[in-house]
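Breakdown of the fold
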Amino acid sequence: MKIKCCKTNMLAVQDTMDVLKGRWKIHIIAALCYSKLRFSDIQKEIEGVSAKMLSSELKDLEENQLVKRTVLNTQPISVEYELTEYGYTLKKVIENLADWGVQHRKTILGKALEN
């Protein structure tokens, strides 16, 4: 979709930023782009996020219909998270951010990220 009006474009960017704001939301979405994960697995994937903050961010993403929470019938009970179909619409955005970040690192530091 091409947005012609700058004011409309800025409003759309602000809406996006409001949904994705916070230190961890993009990390969480990126972690869930490729598979369902349990809470503890997400926490392991995202270095530095506390359980309290992760829980809060996941609830917010769930309220925005980007993440689905499923309680598993296990002992002890565990919870699995996955992107919704709507959440997967952000996958391209995440991939573009990653591509830009790799290029930015090369431009600024003169070297690529090591895997």
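Here goes a summary of the coordinates provided. (Residues numbered from 1 in each chain as written. Predicted model: local features only at pLDDT ≥ 70, side-chain atom pairs only at ≥ 80, totals over all residues. Heavy atoms only, no water.)

**Examining the sheet that holds strand S3 (residues 78-83)**
Paired through backbone hydrogen bonds, the strands of a sheet run either parallel or antiparallel to each other. Sheet architecture is open: 3 strands sit in the order S1-S3-S2, paired in antiparallel fashion. On the outer flanks of this sheet lie strand S1 (37-38) and strand S2 (67-72), each paired with one strand and no other. Bridge analysis of S2 against S3 gives 6 bridges, and the strand direction is antiparallel. The partner of Lys68 across the bridge, within S3, is Glu82. Packed onto the sheet, helix H2 (residues 25-32) meets S1, S2 and S3 and runs at close to 90° relative to S3. (Pairing = 2+ DSSP bridges. Helix = DSSP H or I, 4+ residues; strand = E, 2+ residues; numbered from the N terminus. Contact = heavy atoms within 4.5 Å. Axes fitted to C-alpha atoms, helices over the stretch in contact; angles between N-to-C directions.)

**Observations regarding the layout of surface pockets**
Computed from the structure, the second largest pocket encloses a volume of approximately 250 Å³. Residue lining of the second largest pocket: Trp24, Ile26, His27, Ala30, Glu45, Ile46, Glu47, Ile94 and Leu97, and that is the complete set. Contributing elements (two or more residues each) for the lining of the second largest pocket: H2 and helix H5 (91-109). Looking at the lining of the second largest pocket, the element that brings in the most residues is H2, giving 3 residues. (1 Å grid on protein atoms, 1.4 Å probe; cavity = no way out; pocket = protein on both sides within 12 Å on 5 of 7 lines; lining within 4 Å. Points joined across faces, edges and corners; volume = space filled by probe spheres on them.)

**Observations concerning the side chain of Thr84**
With respect to the secondary-structure elements, Thr84 resides in the loop between S3 and H5. A distance of 2.7 Å separates a polar side-chain atom of Thr84 from the backbone oxygen of Gln65. (Polar contact = N/O pair within 3.5 Å; in protein donor to acceptor, adjacent residues only side chain to side chain.)

**Section: helix H4 (residues 51-63)**
For H4, which comprises 13 residues, the first-to-last C-alpha distance of 18 Å matches the rise-based estimate of 18 Å (1.5 Å per residue) to within 8%. For H4, the complete set of buried residues consists of Leu54, Glu57, Leu58 and Leu61. Angular distribution of buried residues about the axis of H4 spans 100°; they occupy a single face of the element. Facing away from the buried side of H4 by more than 90 degrees, the exposed set consists of Lys52 and Glu63. Those residues of H4 that are buried are in contact with H2, helix H3 (39-45), S2 and S3. At the exit of H4 stands Gln65, carrying a positive phi of roughly 60°. (Expected span 1.5 Å × (residues − 1). Buried < 20%, exposed > 50% of the residue type's maximum accessible area, 1.4 Å probe, protein only. Arc of directions from axis to C-beta.)

**Looking at the pattern of salt bridges**
Here the structure, examined in full by the defined rule, presents 2 salt bridges. One salt bridge connects Glu57 with Lys25, and the closest N-O pair in it is separated by 3.0 Å. Residue Glu57 is found in helix H4, and its partner Lys25 is found in helix H2; the two are separated by 32 residues along the sequence. Like Glu57, the residue Lys25 is buried in the burial classification. A salt bridge links Lys25 to Asp60, with the shortest nitrogen-to-oxygen separation between them at 2.8 Å. (Salt bridge = Lys/Arg side-chain N within 4 Å of Asp/Glu carboxyl O.)

**Some details on a nonpolar patch on the surface**
Residues Ile26, Val93 and Leu97 make up a contiguous nonpolar surface patch of about 220 Å² in total accessible area. Tracing the backbone through its elements, the reader meets Ile26 in helix H2. Judged by its relative accessible area of 32%, Ile26 is partly exposed. (Patch = residues over 30% accessible without salt bridge, like charges linked within 9 Å, V, L, I, M, F, W, Y side chains within 5 Å. Areas by Shrake-Rupley, 256 points an atom, 1.4 Å probe, with all protein chains shown as cover.)

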